[in-house]
Amino acid sequence: MGIQSRGSVNEAMASDVLSEKAAMMRESLLKSQSATDNMVSMLGSFDHRLSALETAMRPTQIRTHAIRRAHENIDKTLKAAEVILAKFDISRQAEAMIVKVVNHANNLLVKAVSKLEEEFKQLLSVYSKPVEPDRLFECLPNSLRPSGSPGHHGDLGGKSHSEQNSSLEDAVYTPPTLIPPRVLPLLHNLAEQMVQAGRQQQVLKIYRDTRSSVLEESLRKLGVEKLSKDDVQKMQWEVLEAKIGNWIHFMRIAVKLLFAGERKVCDQIFEGVDSLRDQCFAEVTAGSVAVLLSFGDAIAKSKRSPEKLFVLLDMYEIMRELHSEIATLFIGKACNEIRESALGLTKRLAQTAQETFGDFEEAVEKDATKTAVSDGTVHPLTSYVINYVKFLFDYQSTLKQLFQEFENGGDSNSQLASVTMRIMQALQTNLDGKSKQYRDVSLTHLFLMNNIHYMVRSVRRSEAKDLLGDDWVQRHRRIVQQHANQYKRVAWAKILQCLSIQGLTSSGGSSNSVSMDGGNSSGVSRALVKERLKTFNAQFEELHQRQSQWTVPDTELRESLRLAVAEVLLPAYRSFIKRFGPLVENGKNPQKNIRYTPEDLDRMLGEFFEGKSLNEPRR
């Protein structure tokens with residue numbers, strides 16, 4: 001019971017509370033409605049004013065809108081710029097880091113390249129040694145190996161110049177190993193890495209400095225000297241001639257062995273690095289080539305003289321021989337100057353040799369040496385010129401090449417023949433002048449006979465015969481015979497007159513005249529016969545004494561000349577003695593008049609032209 005009553009009371013209280021709240025809500029709603037109505041009324045009154053204001057504000061609104069849009073764009077740009085600037089900041093920070101890394105890498109690279117350079121330089125230096133002369137000589141063909149002191153040619157067995165050259169044509173040259181083959185690949189790799197690292201100039205400098213000094217030392221040990229033009233001019237000819245012989249040998253060794261070996265090494269180390277290969281070779285060899293060529297240049301520009309012609313031809317010859325090898329070794333633009341220097345020397349040697357030819361021809365014609373050959377023998381000038389011409393023919397192929405240098409492809413055979421003929425004619429012209437120095441005309445003819453015979457004989461026994469031709473030989477043989485005949489006529493005409501019958505006979509007889517057996521002479525004066533014999537004896541003795549001192553050096557010519565005299569003299573003497581001998585044989589002391597038998601004369605003629613001295617006893 002009690003519980004139900006409490007429940008009812010509670011419900012009643014709750015109902016009251018709700019009623020109060022509902023009343024309050026009604027009251028609030030009424031107030032809100034009233035306020036709303038008031039606001040509507042107020043807003044209604046604003047409509048007209050807002051409409052007018054809106055009309056007035058429209059331009060401002062438009063500008064405000066544009067400004068707001070601009071602001072929006074500016075805000076967007078600033079935000080984008082902030083993003084970019086933020087990235088710049090990051091880049092600067094990254095760049096600083098990269099520079100540190102790059103600098104560090106560069107430092108490492110410099111150290112690495114420096115180590116490469118050191119390794120390349122050390123390896124090249126350790127294995128670059130001068131080549132000893134003996135080792136170089138072993139690389140030569142046997143015929144060129146020195147038999148005596150360093151630098152001199154080997155013994156070529158007395159062969160002629162042309163024979164020596166033909167024996168060398170197929171000669172084998174083996175360039176020495178300058179750097180061990182096992183080291184070359186390592187040097188190649190080091191050089192390649194340095195070039196890739198941009199150290200090309202450093203490679204060039206290291207290689208040039210190391211190899212050039214070694215090459216120069218090899219040549220110095222061989223005997224190559226650095227001689228100026230003044231040094232060459234001051235030298236005695238014998239000394240200079242020996243040095244020229246050595247120079248020819250040095251040139252052959254330098255090009256065929258040392259430069260060839262150097263080229264091989266250079267090509268292997270710088271294989272694939274074309275920009276360096278030729279440049280390195282050119283710079284390594286330039287100094288050595290200059291020393292060798294400067295000596296040749298000094299000779300080519302030195303004072304000309306006939307004896308220099310053959311050494312000039314020798315030098316020209318070796319330059320021609322080495323021409324193709326120089327062109328092969330010194331290839332490329334870097335070697336242009338060296339190739340041109342070698343070619344320039346070849347041309348200067350050819351030019352000087354050509355000029356020396358002209359000088360020689362003129363010197364022969366104008367030779368004014370007072371060297372008299374009192375015995376009429378071959379003059380030193382003749383033997384000198386003929387030997388000179390013989391030597392020229394040893395150089396036939398070289399001379400033909402030389403003529404072609406200047407004659408634009410003319411017939412080199414005819415040019416050589418023309419030069420030889422001019423030299424021979426110059427000699428004859430000079431000999432004609434020298435022959436006039438003799439007071440005895442018969443000795444003049446003997447002298448010319450001897451000298452022209454020497455020329456003919458020498459030509460016939462040499463290659464000059466083919467060039468000068470049979471016509472030249474036959475023409476000059478006739479000249480020799482003409483001088484022999486002239487000698488016989490001039491020298492023996494006077495003595496033969498003593499043996500003539502002319503002037504011995506007289507129209508009337510006398511106590512001193514005798515009738516001859518043949519009835520040919522009715523009256524011949526004994527006194528006149530005695531006088532003739534006396535004169536004959538004196539003249540023959542004088543001829544014998546003088547002409548035994550004269551010389552005909554050629555045995556065949558000498559015998560031929562004696563025979564020609566005997567064929568004229570002995571028959572005339574026999575006839576005279578047979579015919580007029582009885583006139584004087586019956587008188588006192590007949591041997592005083594007939595001093596010689598024909599056999600005595602023949603024997604004494606055998607002593608003519610022997611070149612005896614005055615104090616030699618008579619046989």
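Throughout what follows, the structure given in this document is the object of discussion. Model, not experiment: these values are computed from the prediction. (Residues numbered from 1 in each chain as written. Predicted model: local features only at pLDDT ≥ 70, side-chain atom pairs only at ≥ 80, totals over all residues. Heavy atoms only, no water.)

Regarding empty space enclosed by the protein
If a probe as big as a water molecule is rolled over the atoms, it shows which places are left empty. One pass over the structure, following the stated rule, counts three cavities of 30 Å³ or more. Volume-wise, the largest cavity comes out at about 80 Å³. The set of elements that each furnish at least two residues to the lining of the largest cavity consists of α7 (237-269), α8 (274-301) and α10 (336-366). Of the residues contributing to the lining of the largest cavity, the split by class is ten nonpolar, no polar and no charged. (1 Å grid on protein atoms, 1.4 Å probe; cavity = no way out; pocket = protein on both sides within 12 Å on 5 of 7 lines; lining within 4 Å. Points joined across faces, edges and corners; volume = space filled by probe spheres on them. Helix = DSSP H or I, 4+ residues; strand = E, 2+ residues; numbered from the N terminus. Nonpolar A, V, L, I, M, F, W, Y, C, P; charged D, E, K, R; others polar.)

Overview of the packing of helix α11 (residues 380-394) against helix α14 (residues 441-460)
For the pair α11 and α14, interaxial distance at closest approach is 10 Å and the crossing angle is 15°. Taken together, the axis directions place α11 and α14 in an arrangement best described as roughly parallel. Crossing geometry of α11 relative to α14 is assigned as right-handed. Of the residues in α14, those in contact with Thr382, Ser383, Ile386, Asn387 and Lys390 of α11 are Asn451, Tyr454, Met455 and Ser458. When its residues are assigned to classes, the contact of α11 with α14 shows three nonpolar, five polar and one charged. (Axes fitted to C-alpha atoms, helices over the stretch in contact; angles between N-to-C directions. Parallel < 35°, antiparallel > 145°, perpendicular 65-115°, else oblique. Left-handed = near helix turned anticlockwise from the far one by under 90°. Contact = heavy atoms within 4.5 Å.)

Things to note about the environment of Met455
Here Met455 shows up in helix α14. Linking Met455 and Val378, residues 77 residues apart in sequence, is a C-alpha distance of 9.6 Å.

Regarding the nonpolar core
The tendency in soluble globular proteins is for nonpolar side chains to be buried side by side. Counting 158 residues, the largest nonpolar core has Phe120 and Trp492 as the members making the most contacts within it. Examining the composition of this core, we find that 17 residues originate from one element, α7, more than from any other. Once residues lying within four places of it in the same chain are set aside, the contact partners of Trp492 are Tyr487, Phe540, Leu543, Val565, Leu569, Leu605 and Phe608. (Core = buried A, V, L, I, M, F, W, Y, C linked by side-chain atoms within 4.5 Å. Buried < 20%, exposed > 50% of the residue type's maximum accessible area, 1.4 Å probe, protein only.)

Let's talk about a positive patch on the surface
Taken together, the side chains of Lys390, Arg460, Arg461, Lys465 and Arg477 define a basic patch exposed on the protein surface. Turning to its location among the elements, Arg461 is positioned in the loop between α14 and α15 (464-498). (Patch = residues over 30% accessible without salt bridge, like charges linked within 9 Å, V, L, I, M, F, W, Y side chains within 5 Å. Areas by Shrake-Rupley, 256 points an atom, 1.4 Å probe, with all protein chains shown as cover. Salt bridge = Lys/Arg side-chain N within 4 Å of Asp/Glu carboxyl O. Lys, Arg positive; Asp, Glu negative; His and termini not counted. Charge placed at Lys NZ, Arg CZ, Asp CG, Glu CD.)

Describing the side chain of His379
With respect to the helices, strands and loops of the structure, His379 is situated in the loop between α10 and α11. For His379, a relative accessible area of 2% gives the class buried. With near-sequence residues (within four places) excluded, His379 lies in contact with Thr369, Thr371, Val373, Leu431, Lys434, Phe447 and Asn451.

As for the side chain of Arg211
Topologically, Arg211 is positioned in helix α5 (residues 200-222). Beyond its immediate sequence surroundings of up to four residues, Arg211 is in contact with Leu124, Ser128, Leu178, Ile179, Glu262 and Val284.

What to know about α5
Along its 23 residues, α5 runs 33 Å from first to last C-alpha, staying within 8% of the 33 Å computed at 1.5 Å per residue. Gly223 sits one or two residues past α5 and shows a positive phi near 125°. (Expected span 1.5 Å × (residues − 1).)

Structural notes on the packing of aromatic side chains
Overall, the coordinates contain 21 aromatic pairs when judged by the stated rule. Residues Tyr384 and Tyr388 carry aromatic rings whose centres are separated by 5.8 Å and whose planes lie at 50° to one another, so their mutual orientation is tilted. Of the two residues, Tyr384 and Tyr388 both sit in helix α11, four residues apart, roughly one turn of that helix. Tyr384 gets classed as partly exposed once you look at its relative accessible area, which sits at 37%. On the accessibility criterion, Tyr388 (2% relative accessible area) is buried. (Phe/Tyr/Trp six-rings, centres within 6.5 Å; stacked < 30°, edge-to-face > 60°.)

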